[in-house]
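A look at the structure
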Amino acid sequence: LLDPYVTVSVDQVRVGQTSTKQKTNKPTYNEEFSATVTDGHQIELSVFHDTPIGYDDFVANCTLPFQDLLRSAGSGDSFEGW
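Residues numbered from 1 in each chain as written. Predicted model: local features only at pLDDT ≥ 70, side-chain atom pairs only at ≥ 80, totals over all residues. Heavy atoms only, no water.

Let's shift gears to the overall build of the protein chain. Scanning the protein chain for helices and strands turns up one helix and four strands. Mapped in sequence order, the helices and strands of the protein chain form the string β-β-β-β-α. For the protein chain, with 82 residues in total, the buried portion stands at 24%. Taking the contacts inside the protein chain whose residues are at least 6 apart along the sequence as the reference set, 36% of them involve residues at least 24 apart. Accessible surface, the protein chain: about 6,200 Å² in total, of which carbon and sulfur atoms supply 48%. (Helix = DSSP H or I, 4+ residues; strand = E, 2+ residues; numbered from the N terminus. Buried < 20%, exposed > 50% of the residue type's maximum accessible area, 1.4 Å probe, protein only. Contact = heavy atoms within 4.5 Å. Areas by Shrake-Rupley, 256 points an atom, 1.4 Å probe, with all protein chains shown as cover.)

Here you go:
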């Protein structure tokens, strides 16, 4: 089992990090982050395993272009509530 947390980055700048969930492979976060983004290109979600000693272990990541999110939201210039 993992002790996972997720980092949220916009164009490779970290804008948030969830809390760590203990001993689970199916975490639920329900946490909110707010960041004003101007001319942003992509959002990246990265999952890490919190280790007690040394660097945390990378588990997985997903990068989403803002254009894809805007298209799926049905708006051409803003996006809220993803």
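Overall, antiparallel pairing links the four strands, which are arranged β2-β1-β3-β4 in an open sheet. The two strands at the open ends of the sheet, each matched to only one other strand, are β2 (13-17) and β4 (57-65). In this sheet, adjacent strand axes meet at a mean angle of 25 degrees when their direction is disregarded. Where strand β1 (residues 4-10) lies against strand β3 (residues 42-49), seven bridges are found, and the strand directions are antiparallel. Its bridge partner lying in β3, T7 is registered against S46. (Pairing = 2+ DSSP bridges. Axes fitted to C-alpha atoms, helices over the stretch in contact; angles between N-to-C directions.)

On to the nonpolar core, then. It is characteristic of soluble globular proteins that their nonpolar side chains tend to be buried jointly. In terms of nonpolar packing, the biggest core is built from five residues, these being V8, V10, I43, F66 and L69. Secondary-structure elements contributing two or more residues to this core are β1 and α1 (66-73). (Core = buried A, V, L, I, M, F, W, Y, C linked by side-chain atoms within 4.5 Å.)

Within the fold, G40 resides in the loop between β2 and β3. The partly exposed category is assigned to G40, whose relative accessible area is 21%. For the pair formed by G40 and P65, sequence separation is 25 residues and the distance between their alpha carbons is 8.8 Å.

So, to be careful, I would describe these as geometric facts and stop short of saying anything about function.
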